[in-house]
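The primary structure of each chain is shown beneath.
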Amino acid sequence: QVQLVESGGGLVQPGGSLRLSCAASGSIFSIYAMDWYRQAPGKRRELVATITNGGSTKYLDSVKGRFTISRNNAKNTMYLQMNSLKPEDTAVYYCSARLGPLVHTPDYWGQGTQVTVSS
């Protein structure tokens, strides 16, 4: 069992920055990869960024060069550094964990944290 808790969301002006955190607990050594998803009102949840236990990363094309996914294994925490934020980045952001490379659907989800980009 894995528990995930997000934090760091809030209100920011366009061009500003936020750093989201996702603290993992439980059977953390079984995690193969962790992801950040986001969901805006009326839209499907979309995958924003992924990081594997080997350090490989992947990003949604629209956030490349602006967002950085990382992890601190000593703290069992994953981060999403978001720079140059745009209004279209407004969404609830969720972290997730996958238990194997052939798993395409997250096994665990956090509760979500709201990010609002508005002037």
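Scoring rules and cut-offs
- By convention here, each chain's residues receive numbers from 1 onward along its written sequence.
- Per-residue local features are limited, in this predicted model, to residues with pLDDT of at least 70; the limit for side-chain atom pairs, both in listing and counting, is 80 or more; totals at the level of whole chains, interfaces and linings are taken over all residues.
- Side-chain calculation: all heavy atoms of the structure are included, whereas hydrogens and water are not.
- Where helices and strands are cited, they refer to DSSP runs of H or I of at least four residues and of E of at least two residues respectively, numbered from the N terminus.
- What the globule rule says is 2.2 Å times the number of residues to the power 0.38, and the radius of gyration is computed from C-alpha atoms.
- By the convention used here, residues are in contact when the closest approach between their heavy atoms is within 4.5 Å.
- Using a 1.4 Å probe, accessible areas were evaluated by the Shrake-Rupley method; residue-level cover was limited to the displayed protein chains.
- In this tally, Asp and Glu contribute negative charge and Lys and Arg positive charge; neither His nor the terminal groups of the chain are included.
- To locate a charge, take NZ of a lysine, CZ of an arginine, CG of an aspartate or CD of a glutamate.
- Strands are labelled as partners when DSSP assigns at least two bridges between them.
- As a rule, the C-alpha atoms of each element are fitted with a line to give its axis, helices using only the stretch in contact, and angles between N-to-C directions run from 0 to 180 degrees.
- By nonpolar core is meant a set of buried Ala, Val, Leu, Ile, Met, Phe, Trp, Tyr and Cys residues that side-chain atoms within 4.5 Å join together.
- Relative accessibility thresholds used throughout: buried, under 20% of the residue-type maximum; exposed, over 50%; partly exposed, between the two (1.4 Å probe, protein chains only).
- We define a salt bridge as a side-chain nitrogen of Lys or Arg found within 4 Å of a carboxyl oxygen belonging to Asp or Glu.
- Under the rule applied, a polar contact is a pair of N or O atoms within 3.5 Å (in protein, one hydrogen donor and one hydrogen acceptor; residues adjacent in sequence only if both atoms are side-chain atoms).
- Aromatic pairing here means that ring centres of Phe, Tyr or Trp (its six-membered ring) are within 6.5 Å. Orientation follows from the plane angle: under 30 degrees is stacked, over 60 is edge-to-face, and everything else is tilted.
- A positively charged side chain is recorded as over a ring if its NZ (Lys) or CZ (Arg) lies within 6 Å of the ring centre. The angle to the ring normal must also be within 35 degrees.

Draft legend 1. The arrangement of the overall build of the protein in detail. Each helix and strand in the protein was counted, giving zero helices and eleven strands. Starting at the N terminus and ending at the C terminus, the protein contains elements arranged as β-β-β-β-β-β-β-β-β-β-β. Relative to the compact-globule value of 14 Å for 119 residues, the protein shows a C-alpha radius of gyration of 13 Å, a close match. Seen through its C-alpha atoms, the protein measures out along the principal axes to roughly 40 × 30 × 25 Å. Within the protein, residue pairs in contact and separated by at least 24 positions form 52% of the contacts whose partners lie at least 6 positions apart. Here the protein displays about 6400 Å² of accessible surface, and carbon together with sulfur accounts for 50% of that area. Of note, the protein has its 12 positive side-chain charges centred 3 Å away from the centre of its 7 negative side-chain charges.

Draft legend 2. How the structure looks around the sheet that holds strand β1 (residues 2–7). Strand order in this open sheet of four strands is β1-β3-β8-β7, and the pairing throughout is antiparallel. If you trace the sheet from one side to the other, it starts and ends with β1 and β7 (67–72), each paired once. Here the strands of the sheet are splayed against their neighbours by 15 degrees on average, with no regard to which way each runs. Two strands pair when backbone bridges link them, and β7 and strand β8 (residues 77–82) are joined in this way by six bridges, in the antiparallel orientation. By the bridge assignment, F67 is partnered in β8 with M82.

Draft legend 3. Expanded view of the nonpolar core. Counting 29 residues, the largest nonpolar core has L4, M34, W36, L80, M82 and Y93 as the members making the most contacts within it. Secondary-structure elements contributing two or more residues to this core are β1, β3 (18–26), β4 (33–39), β5 (46–52), β7, β8, β9 (91–98) and β11 (113–117). In this structure Y93 touches E6, L20, W36, Y37, R38, V48, F67, L80, M82, G112, T113 and V115, once residues within four positions along its chain are discounted.

Draft legend 4. Structural view of the side chain of E6. Mapped onto the elements of the fold, E6 is located in strand β1. Buried and unpaired, E6 has no salt bridge, with R45 as the nearest side chain of opposite charge at 7.7 Å. At 2.6 Å, the side chain of E6 and the backbone nitrogen of C95 are in polar contact. Non-local contacts of E6, meaning those with residues more than four positions away in its chain, are made with S21, C22, W36, Y93, Y94, C95, G110, Q111, G112 and T113.

Draft legend 5. Summary view of the packing of aromatic side chains. Evaluated as defined, the whole model comprises two aromatic pairs. Ring geometry for Y94 and W109: centres 6.3 Å apart, planes at 90 degrees, overall edge-to-face. Highlighted residues: Y94 in strand β9 and W109 in strand β10 (residues 108–109), separated in sequence by 15 residues. Residue W109 is classed as partly exposed on the basis of its relative accessible area, which comes to 35%. What links up through ring pairs into an aromatic cluster is the set Y37, Y94 and W109. Lying across the ring of W109, R45 places its NZ or CZ 4.7 Å from the centre.

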